[in-house]
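What follows is each chain in one-letter form.
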Amino acid sequence: MKCWNVRDQTTEALENLLRRKYAEIKADAKAATMAATIEEAKFYIEAKFRAKAFANDIELELIRRKYNGEEE
């Protein structure tokens with residue numbers, strides 16, 4: 001079974017995924033402010049940073065494609 005790789009995806013698919021990740025980041029930030037306990041807030045903040053790290057990987061790949069002229 002092949003792993004998911006950012007380089008195997010089309011530019012359009014990456015842009016759609018990036019939009020969804022930013023919506024997820026915004027939702028996690030809102031949920032962290034409404035958390036009832038510190039542990040819940042920590043969970044949402046960690047989820048936010050995991051999603052942001054993934055979004056950064058996608059953005060870096062889109063920049064690399066634009067720089068190298070590989071846009072589809």
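Residues numbered from 1 in each chain as written. Predicted model: local features only at pLDDT ≥ 70, side-chain atom pairs only at ≥ 80, totals over all residues. Heavy atoms only, no water.

Q: Explain the nonpolar core here, please?
A: It is characteristic of soluble globular proteins that their nonpolar side chains tend to be buried jointly. One finds Val 6, Leu 14, Leu 17, Leu 18, Ile 25, Ala 51, Ala 55, Ile 58 and Leu 62 forming the largest nonpolar core, which totals 9 residues. Secondary-structure elements contributing two or more residues to this core are helix H1 (11-33) and helix H2 (38-68). Not counting residues up to four positions away in its chain, the partners in contact with Leu 62 are Thr 11, Leu 14, Glu 15 and Leu 18. (Core = buried A, V, L, I, M, F, W, Y, C linked by side-chain atoms within 4.5 Å. Buried < 20%, exposed > 50% of the residue type's maximum accessible area, 1.4 Å probe, protein only. Helix = DSSP H or I, 4+ residues; strand = E, 2+ residues; numbered from the N terminus. Contact = heavy atoms within 4.5 Å.)

Q: Just checking my understanding: could you explain the environment of Ile 38 for this structure?
A: Locating Ile 38 in the fold gives a position in helix H2. Taking the C-alpha atoms as reference points, Ile 38 and Phe 49, separated by 11 residues in sequence, lie 16 Å from one another.

These figures come from the coordinates and say nothing about function on their own.
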